[in-house]
Structures are given as C-alpha cells and as structure tokens.
Amino acid sequence: MADDYGVDPLTELPSADDFDALLAREELRRGRTGELLALAMIDVDGLRRVNRHHGAGAGTEVLCMCAATLRETLRAVDEIARVGPDEFAVLLHGTDARNANTWANRFEDELAAVSFEHVAGPVTCSIGISDTSNGSNLMEAAAKAHRRMEVTRTMRKLRRARGGGAEPTGPA
C-alpha cells in the first residue's frame, strides 16, 4: 500500500487515512476489473482492561502481536491497516465472505496460540466480515463489516457479563 498518509508507529501498519485512500483506489480498480473483495474489521477484545491492569506496555505487546499475526496469516496481495486504538482493517483480494471467514478462523487460532508476557489466557478479537459479491461498493462493505464487528463485540461482552465464558484478554 502506498504511504500516502503515514504509518502507525506502534504496529508499523498503514494508518486509517491510508486505508480509506486504498479503499477509494480499489473501488475505482474494482469498477474496471470486477474483482471480488472482502473486508474484515477486527477489534482486539479487552485492550483497555489490559492497559488498566498491566500498563500501556502490555497493551503495546498485544497490539504488536496482533499485527504480526495478521501479517503472518495474510497473503502478500492482501492489505492491512490499524484503523483505531484497538481496531484493524483487512482487505482480502479475490475473496468472498465465506473464504474470508475461513481466514478469520485461522487468524483467531494463530492468535490464541501466542504466548504473551503480561497477559494470561488467549487474546481474542471480535471480527466482522463483508464482501462485494452483492454489488455493494467497498465503503458499504466496510460499513457492514464494521457493524458486524460491533455486534460480535457486544455479544461477547454480554456473554462475559452473564458469566457465560472465560474472560478473553484477561489480566495475569
């Protein structure tokens, strides 16, 4: 991805502005080629809790390992950016939502296997996925993926509040 706006200094990934510019360029290219694209929006669960209990260094470790795991599980053609304090976005080329979900499951499995110095238990993410197969443009697909991510995050929080599962990204 071209470095039009800058790189996030913490994760060394493109910034949110750079990802937005990429989506605009890819939408123009998609209009010419008709390429199917999928988007994944990813929220790192419990990052504020990690920062609160263990300090910003622990949160930095989690973000950097999430970014590294994303890089390791994506193909060279795919794009990734840090788009918020605890959010990442991924653009998967030539991929539909079903195959993007397969990738997301692999990413979650790889991330769960990472051992963190300051965090007990696995780090989890809430992921929302959409694609352009129904004729939607990339901005619509990104908004849909973001809404799906928010629903997943809300459901996980409700499940934890009701005692229905282990607390992901919990303090050591």
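Criteria and thresholds
- Residues numbered from 1 in each chain as written.
- Predicted model: local features only at pLDDT ≥ 70, side-chain atom pairs only at ≥ 80, totals over all residues.
- Heavy atoms only, no water.
- Core = buried A, V, L, I, M, F, W, Y, C linked by side-chain atoms within 4.5 Å.
- Buried < 20%, exposed > 50% of the residue type's maximum accessible area, 1.4 Å probe, protein only.
- Helix = DSSP H or I, 4+ residues; strand = E, 2+ residues; numbered from the N terminus.
- Phe/Tyr/Trp six-rings, centres within 6.5 Å; stacked < 30°, edge-to-face > 60°.
- Axes fitted to C-alpha atoms, helices over the stretch in contact; angles between N-to-C directions.
- Parallel < 35°, antiparallel > 145°, perpendicular 65-115°, else oblique.
- Left-handed = near helix turned anticlockwise from the far one by under 90°.
- Contact = heavy atoms within 4.5 Å.
- Nonpolar A, V, L, I, M, F, W, Y, C, P; charged D, E, K, R; others polar.
- Polar contact = N/O pair within 3.5 Å; in protein donor to acceptor, adjacent residues only side chain to side chain.

Asks: Looking at this model, I keep getting lost on the nonpolar core. Mind explaining?
Replies: Soluble, globular proteins show a tendency: their nonpolar side chains are buried together. By size, the foremost hydrophobic cluster in this structure holds 30 residues, and its most contacted members are Ile42, Val44, Val62, Phe88, Val90 and Trp103. Those elements that place two or more of their residues in this core are strand S1 (37-44), helix H2 (47-54), helix H3 (56-73), strand S3 (87-93), helix H4 (97-112) and strand S4 (125-131). Ranked by residues supplied to this core, first place goes to H3 with 6 residues.

Asks: It is not clear to me how the packing of aromatic side chains should be interpreted in this structure. Could you clarify?
Replies: The description of two aromatic rings rests on the distance between their centres and on the angle between their planes. If you walk through the whole model with that rule in mind, you get 1 aromatic pair. Arranged with centres 5.7 Å apart and planes meeting at 15 degrees, the rings of Trp103 and Phe107 form a pair that is stacked. One end of the pair, Trp103, and the other, Phe107, are both in helix H4, 4 residues apart, so they sit about a helical turn from each other. With respect to burial, Trp103 and Phe107 carry one shared label: buried.

Asks: How do you make sense of the packing of H3 against H4 when you look at a structure like this?
Replies: Helix packing geometry: the angle between the two helix axes and the distance between the axes. Running from N to C, H3 and H4 point in directions that differ by 135 degrees, and their axes come no closer than 10 Å. Classified by the angle their axes make, H3 and H4 are oblique. Viewed along their axes, H3 and H4 form a crossing whose handedness is right-handed. Along the contact surface, H3 presents Met65, Cys66, Thr69, Leu70 and Thr73, while H4 presents Trp103, Arg106, Phe107, Glu110 and Leu111. When the residues that make up the contact of H3 with H4 are grouped by side-chain class, the tally is 6 nonpolar, 2 polar and 2 charged.

Asks: Quick question: what am I supposed to make of unusual backbone geometry here?
Replies: Note: most peptide bonds trans; most residues except glycine with negative phi. With a phi angle near 60 degrees, Glu12 is a residue other than glycine that sits in the positive phi range. Locating Glu12 in the fold gives a position in the segment before helix H1 (16-33). Classification of Glu12 by relative accessible area gives exposed; the value is 61%.

Asks: Any chance you could explain the side chain of Arg82 here in plain terms?
Replies: The topology assignment puts Arg82 in strand S2 (residues 79-84). Residue classification places Arg82 among the buried residues on the basis of a relative accessible area of 14%. At 3.2 Å, the side chain of Arg82 and the backbone oxygen of Gly84 are in polar contact. Only 2.8 Å separates the side chain of Arg82 from the backbone oxygen of Pro85, close enough to count as a polar contact. Not counting residues up to four positions away in its chain, the partners in contact with Arg82 are Asp8, Leu10, Thr11, Leu13, Pro14, Ser15, Ala16, Leu63, Glu87 and Phe88.

It is worth stressing that arrangement in space is one thing and function is another; only the former is reported here.
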